[in-house]
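Listed here are the chains, written in short residue letters.
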Amino acid sequence: MNPTRPADPDPAGPGPAAPAPPVHEPPPPGAHAMNVVRWVLFAGLLVLAVLSIGGYVISRRGESAGTGKATQALYHCPMHPTYTSNKPGECPICGMDLEPIAHDAHAAATADGDVPGLVGVHLSTERIQMIGVRTAKVGRRELGEGLSLVAFVAPDESRLRRVQLRATGWVQKLHVSRTGETVAAGEPLLAIYSPELYQSEYEFLIELEAAGDSVVHRGPGAVQAGRERLVLLGVPAEEIARLERERSASARLVLRAPFSGTVLERGVVEGQYVGPDTPLLTLADLSRVWLLADVYEMDLTRVRVGDPVVFTAEALPGSQFEGRVEFVYPTVSTDTRTIKARIVLANPRGQLKPGMFGRAAMRGGRAPVLAVPSEAVVYTGEHHYVFIAHPDGHFEPRMVWVGLQTGDWVEIRRGLAEGETVVSSASFLIDSESRLKAAIAGMGAQPTSGHQH
């Protein structure tokens, strides 16, 4: 019997094993309960978040409504703006009645004005009267009037004459020996002995004798040359005429006054030797004099050639002398910081003496310019500004550019228009409040930060 053999294996080899069916294990005890708890906690947190957001929104709306209500009902002290209250009453500092703060007015006040550090302010009628606010209209005025200048009398330089001789000699006789004397035209002043003049006259007579009487008045020639020599030596025309008439030379020459005037200087005495460089006498015609006035640099633009002037001398009280500005000197004195203005005055009776001191008042002047009272302009060292007064009690600070300043008025070159109203008194009080409100606005403009009731 043949034993049984095992079956041959499959040539493809054995295949993969079949997967085992999944095994479903039961959840551990309590898992379902934990899942429920987790969802409950999530729902609770969600509800809490919704409630928190809703409460925040409601609280913000309430604060906004409350703030608006407080702003509308806020009061402050007119004299102490830092004191505020949410109900009417009296200021504990000064006892004044509290006034309501209008939110719109406050916003408008902090919005206008072009002056750095200042804002517009609003004042009640009672407070305007209490602090004594006065206003003035911006208008045109002549600011050249009323200029008073220190001045003194001086001789008219165009009416000065120096008596001098162009030859050498000795003073033989002084007919005018004192300064200050008045002389008439043609009056003898002094007599001079001069051998040089005598020789020149003698040579002229020789030429006359040689030429004959018929050629005395002819053209160029020896006689004419001799006559010109005498003229160049300073011999007066009347002396030359005497030579031609009397035909006798003289070593003694008399010098006479060329015009009526006053002796201002005397440079010689009798017996003194003089030459061409020796000043003998100085005469001045004082029928017209100069008035030299000192003009400060700041007033230079107010003085023009042709302006009328009235001069009053301290030595002649009650007398006035009228003249006009003839010339303004081009240089400034380094000592007095003034400029000289020359005024011509008629002096027919000789009342005005050189050196007299007095006041020169300018009359008339420049064309009208836009001007305001000087008290209306506030100057901080950097800016000039004024407060514009509006009809509703609102005061607006505005920058201005000034020009001439004379007396109680200031010229406004830019910043204002004719007809506007400016504060002319109590500007410093309005300025203080404006600065205070500007400072409060700069810190946030929170009116509720003051004292509260």
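The structure displayed is predicted, hence computed values, not measured ones.

Let us now look at the sheet that holds strand β8 (residues 160-163). Paired through backbone hydrogen bonds, the strands of a sheet run either parallel or antiparallel to each other. Read from one edge to the other, the open sheet built from four strands follows the order β8-β15-β13-β10, with strand pairing classed as antiparallel. The sheet is open, and its two borders are formed by β8 and β10 (182-183), each paired with just one other strand. Taken together, the four bridges between strand β13 (residues 261-266) and strand β15 (residues 281-284) define a ladder with antiparallel strand orientation. In the sheet register, Thr262 faces β15, and the bridge partner there is Ala284.

This paragraph deals with helix α6 (residues 237-246). Turning to α6, its buried residues number three or more, namely Glu239, Ile240, Arg242 and Leu243. Each buried residue of α6 sits inside an arc of 155° when the element is viewed along its axis, so together they form one side. Across α6 from its buried face, at more than 90 degrees, point the exposed residues Ala237 and Arg245. Residues of α6 that are buried sit in contact with α4 (195-211), α5 (222-232) and β12 (252-256). At the C-terminal side of α6, Arg247 shows a positive phi close to 55°.

Below, the discussion takes up the confidence of the model for the protein chain. Confidence in the prediction for the protein chain averages 80 pLDDT; 78% of positions are at 70 or higher. Here helix α2 (residues 103-109) is the element of the protein chain with the lowest mean pLDDT, 46, and strand β19 (residues 338-346) is the one with the highest, 94. Low pLDDT, under 50, characterises residues 104-111; the stretch is placed with seven contacts to residues that sit more than four places away or in other chains. A low-confidence stretch, residues 214-219 stays under pLDDT 50, and its non-local contacts, those more than four residues away or across chains, total eight contacts.

What follows concerns the packing of aromatic side chains. The full count for this structure, using the stated rule, is five aromatic pairs. Ring centres 6.0 Å apart and planes at 80° place the aromatic pair Tyr385 and Phe387 in the edge-to-face group. With relative accessibility at 1%, the residue Tyr385 sits in the buried group. Here a set of aromatic residues connected by ring pairs shows up, and it is made of Trp170, Tyr193 and Tyr273.

The next thing to look at is the sheet that holds strand β7 (residues 148-155). The six strands are arranged β7-β16-β19-β18-β17-β20 in a closed barrel whose pairing can be described as antiparallel. The mean angle between the axes of side-by-side strands here comes to 40°, regardless of whether they run parallel or antiparallel. Alignment of strand β16 (residues 288-296) against β19, held across nine bridges, turns out to be antiparallel. Bridging from a neighbouring strand, Asp294 pairs with Lys340 of β19.

Conventions adopted
Residues numbered from 1 in each chain as written. Predicted model: local features only at pLDDT ≥ 70, side-chain atom pairs only at ≥ 80, totals over all residues. Heavy atoms only, no water. Pairing = 2+ DSSP bridges. Helix = DSSP H or I, 4+ residues; strand = E, 2+ residues; numbered from the N terminus. Buried < 20%, exposed > 50% of the residue type's maximum accessible area, 1.4 Å probe, protein only. Arc of directions from axis to C-beta. Contact = heavy atoms within 4.5 Å. pLDDT = per-residue confidence, 0-100. Phe/Tyr/Trp six-rings, centres within 6.5 Å; stacked < 30°, edge-to-face > 60°. Axes fitted to C-alpha atoms, helices over the stretch in contact; angles between N-to-C directions.

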